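# Coordinate analysis (summary)
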Amino acid sequence: MPDQQSNQQSEQHLDRHLDQQPEQHLDQRAHQHSRPSRALRLGVAGPVGTGKSSILATLCRELAGELAMAVVTNDIYTDEDARFLRSAGVLPTERIRAVETGACPHTAIRDDVSANLDAVEDLEEAYGPLDLVLVESGGDNLTATFSPALADAQLFCIDVAGGGDVARKGGPGITGADLLIINKTDLAPYVEVDVAAMVADASQARDGLPVLALSKNDPVSVAELADWVRKMLERHRSGTHVPTDPGPMAPHSHSHSHSHSRDHVHDHVHDGS
Ligand SMILES: Nc1nc2c(ncn2[C@@H]2O[C@H](COP(=O)(O)OP(=O)(O)OP(=O)(O)O)[C@@H](O)[C@H]2O)c(=O)[nH]1
């Protein structure tokens, strides 16, 4: 059973944040010149298997009836996530595009976003005007976040199965994403995690930014997620949302072999993957 208390707590955080943010960004807002006419680009990042594709499927199910939507997925070597979404039948298959990153997922959502931007713009050109384009990152580690050059807003997804202490581990996604999702709350009793405590830890780490305890099997939390996206879209359309960068990756390096192969040696740690 999803935790009622944590849901109430999340709801309060979501409302408070959306009410407060325009005031917090008055200075930045003054520098905005025009309302964006294109779709809201919403990134979904988080460690492997935490439920990113399922969140995309859920959002398509909840919102495709009222919004013109498209999806871009990122996988390292396959189009697995795109195939999952196409088979879920939540959106016309041609509106779901796969980007094969061929390298650490963060490279394509942060370091060089051109392949993803091309995919987003192709979809907007083919099926626009669109309201919402969802971009799913490949599963990466706790430090991978979207560049604001690609995503106007971003969700970061962790899950209870990764352990109750994940929310305390920090990292730019946990502390700075527009919304932090603590997913699979229905599994909490089986993995002995206290969802309310996890939400409290995350809220403390996020300094007032919202946290949502979510389960795809809990309609109340799913409705909260859909509402958050609706409100973000309103703010995007009105020009009051300022895309913010949750912060850079933790320092790490990629050792590239200088042969003509695409082999990469990774000498950084991928927690959660
Ligand atoms: N019990 C439960 N399982 C979930 C929930 N959300 C997702 N899952 C399951 O978790 C597994 C991984 O979900 P995905 O949506 O594929 O996760 P992902 O983050 O996209 O995975 P990668 O793309 O491989 O990083 C699947 O078996 C889902 O059915 C949830 O709310 N509750």
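The structure reproduced in this document is the subject of the present report. Note that the structure is predicted; figures quoted are calculated from it, not measured.

Moving on to a negative patch on the surface. A grouping of Asp118, Glu121, Asp122 and Glu125 is seen on the molecular surface, where their side chains present a negatively charged patch. In this structure, Glu121 sits in helix H6 (residues 114-127).

What follows concerns the site of the ligand. Near the ligand lie 16 residues; those nearest to it are Lys52, Ser53, Ser54, Asp186 and Lys216. Ser54 has a polar side-chain atom sitting 2.6 Å from an oxygen atom of the ligand. Residue Asp186 places a side-chain N or O atom 2.7 Å away from a nitrogen atom belonging to the ligand. Protein contacts shield 72% of the accessible area of the ligand, which totals 650 Å² for the unbound molecule.

Between its first and last C-alpha, helix H10 (residues 219-238) extends 29 Å over 20 residues, near the 28 Å set by a 1.5 Å rise per residue. Restricting attention to buried positions, one finds in H10 the residues Ser221, Val222, Glu224, Leu225, Ala226, Trp228, Val229, Met232, Leu233, Arg235 and His236. Directly after H10, the chain includes Gly239, whose backbone phi takes a positive value near 80 degrees.

Moving on to the pairing of strand E4 (residues 132-136). Each regular strand shows side chains that alternate between the opposite faces of the sheet. Across the five residues of E4, five count as buried, placing the element largely inside the fold. Residues Leu132, Leu134 and Glu136 of E4 are buried on one face, and the alternating residues Val133 and Val135, pointing to the opposite face, are buried as well. As judged from the five bridges shared by strand E1 (residues 40-45) and E4, these two strands associate in the parallel manner. Note on E4: the bridge partner recorded for Leu42 is Leu134.

Definitions and limits used
- Residues numbered from 1 in each chain as written.
- Predicted model: local features only at pLDDT ≥ 70, side-chain atom pairs only at ≥ 80, totals over all residues.
- Heavy atoms only, no water.
- Patch = residues over 30% accessible without salt bridge, like charges linked within 9 Å, V, L, I, M, F, W, Y side chains within 5 Å.
- Areas by Shrake-Rupley, 256 points an atom, 1.4 Å probe, with all protein chains shown as cover.
- Salt bridge = Lys/Arg side-chain N within 4 Å of Asp/Glu carboxyl O.
- Lys, Arg positive; Asp, Glu negative; His and termini not counted.
- Charge placed at Lys NZ, Arg CZ, Asp CG, Glu CD.
- Helix = DSSP H or I, 4+ residues; strand = E, 2+ residues; numbered from the N terminus.
- Near = heavy atom within 4 Å.
- Polar contact = N/O pair within 3.5 Å; in protein donor to acceptor, adjacent residues only side chain to side chain.
- Expected span 1.5 Å × (residues − 1).
- Buried < 20%, exposed > 50% of the residue type's maximum accessible area, 1.4 Å probe, protein only.
- Pairing = 2+ DSSP bridges.

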